[in-house]
Amino acid sequence: MKKKFIEMSCALICKYENCDELQLKKIKYGLESVYTLITKVIVMFILAILLHLLKEYLLLILIYSTARRYAYGLHAKKSITCWLVTLPTYMLGCYFIKFVSIPTIIMYVLWVCGFISFFLWAPADTPARPLIHLEIRRKQKIKACFICIGYLICILVFQTQWLNNAFIYSLIVQSICINPVTYKITKTPFDNYKLYYETHGLNY
């Protein structure tokens, strides 16, 4: 199904645009990401309904996606790996939001750990998409840190357990995704922009 979707989409794009081999490779990569994202969202949406976790799922996907948009982070190398990691991460996250009660001091400690992670390692790029522009990396880091601060403000203002849980869980997961140790465990290069510069004989 995925292969057919990508082939049909590429054929349609090439019908109206002249694409060289590199451009076509980038288009295929983008289409594969879109297909995987859409199918995962649909499957998890159905699971959330069946498990009576729809409210928690919608909240989690909104908050987590906001953090990941600027902090970036590790991507699974294979589609099956992505499914095996994403499904339990989201479903367990929904249960975490709905049922867990975090002591106030622990919640703030976790937030501090998340903020430090964002400050040190965001944005964390991937071999497929190295962030080669210094200015973009700086802007994304600033935005990621502001998102983290925004989460703290929401925690202080709303003082609602299930909402606070969503913010903290999102920060924990995203901090793991951008941590160099996680990259090392999964045998994925970290700071891929440096590798790009070295490969092309440039200074960073």
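Above: the structure in question.
The shown structure was predicted, so the numbers you read here are calculated from the model rather than taken from an experiment.

Okay, the side chain of Arg 68 next. Of note, Arg 68 is situated in helix α3 (residues 54-71). In this structure Arg 68 is buried but unpaired, with Asp 125 as the nearest side chain of opposite charge at 11 Å. If we ignore the near neighbours within four places in the chain, the residues touching Arg 68 are Gly 73, Leu 74, His 75, Gln 174 and Cys 177.

Here the focus is helix α6 (residues 134-158). With 25 residues, α6 extends 36 Å between its outermost C-alpha atoms, agreeing within 8% with the 36 Å of an ideal straight helix rising 1.5 Å per residue. Packing partners of the buried residues in α6 comprise α3, α5 (104-121), α7 (161-178) and α9 (192-199). Of the residues one or two after α6, Gln 159 is the one with positive phi, at around 50 degrees.

The subject of this paragraph is the nonpolar core. Core analysis: the largest hydrophobic core is formed by 40 residues, its most contacted members being Tyr 57, Ile 63, Tyr 90, Phe 118 and Tyr 151. Elements represented by at least two residues in this core include exactly α2 (21-50), α3, α4 (79-99), α5, α6 and α7. Ranked by residues supplied to this core, first place goes to α7 with nine residues.

This brings us to the environment of Thr 36. Locating Thr 36 in the fold gives a position in helix α2. Look at Thr 36 and you get buried, because its relative accessible area is 11%. Residues Thr 36 and Trp 83 lie 47 residues apart in sequence; the distance between their C-alpha atoms is 8.8 Å.

Evaluation of the coordinates by the stated rule reveals seven aromatic pairs. Taking the centre distance of 6.1 Å and the plane angle of 15 degrees together, the rings of Tyr 95 and Phe 99 count as stacked. Note that Tyr 95 and Phe 99 are positioned in helix α4 at a spacing of four residues, about one turn of the helix. A relative accessible area of 34% means that Tyr 95 is categorised as partly exposed. When the ring of Trp 111 is compared with that of Phe 115, the centres are 5.3 Å apart and the planes differ by 20 degrees; the resulting orientation is stacked. Here Trp 111 pairs with Phe 115, and both are found in helix α5, just four residues apart, close to one helical turn. On the accessibility criterion, Phe 115 (23% relative accessible area) is partly exposed. Through pairs of rings, three or more aromatic residues link up here, namely Tyr 57, Tyr 64 and Tyr 90. We note Lys 55 situated over the ring of Trp 162; from NZ or CZ to the ring centre the distance is 4.6 Å.

The packing of two helices is summarised by the inter-axis angle and the distance between the axes. The interhelical angle for the contact between α5 and α6, taken along N-to-C directions, is 170 degrees, at an axis separation of 8 Å. As the angle between them shows, α5 and α6 are arranged roughly antiparallel. Contacts between α5 and α6 pair Met 107, Tyr 108, Trp 111, Gly 114, Phe 115, Phe 118, Phe 119, Leu 120 and Trp 121 from the former with Lys 141, Ala 144, Cys 145, Cys 148, Ile 149, Leu 152, Ile 155 and Leu 156 from the latter. Its residues assigned to classes, the contact of α5 with α6 comprises 15 nonpolar, one polar and one charged.

Thresholds applied
Residues numbered from 1 in each chain as written. Predicted model: local features only at pLDDT ≥ 70, side-chain atom pairs only at ≥ 80, totals over all residues. Heavy atoms only, no water. Helix = DSSP H or I, 4+ residues; strand = E, 2+ residues; numbered from the N terminus. Buried < 20%, exposed > 50% of the residue type's maximum accessible area, 1.4 Å probe, protein only. Lys, Arg positive; Asp, Glu negative; His and termini not counted. Salt bridge = Lys/Arg side-chain N within 4 Å of Asp/Glu carboxyl O. Contact = heavy atoms within 4.5 Å. Expected span 1.5 Å × (residues − 1). Core = buried A, V, L, I, M, F, W, Y, C linked by side-chain atoms within 4.5 Å. Phe/Tyr/Trp six-rings, centres within 6.5 Å; stacked < 30°, edge-to-face > 60°. Lys NZ or Arg CZ within 6 Å of the ring centre and 35° of its normal. Axes fitted to C-alpha atoms, helices over the stretch in contact; angles between N-to-C directions. Parallel < 35°, antiparallel > 145°, perpendicular 65-115°, else oblique. Nonpolar A, V, L, I, M, F, W, Y, C, P; charged D, E, K, R; others polar.

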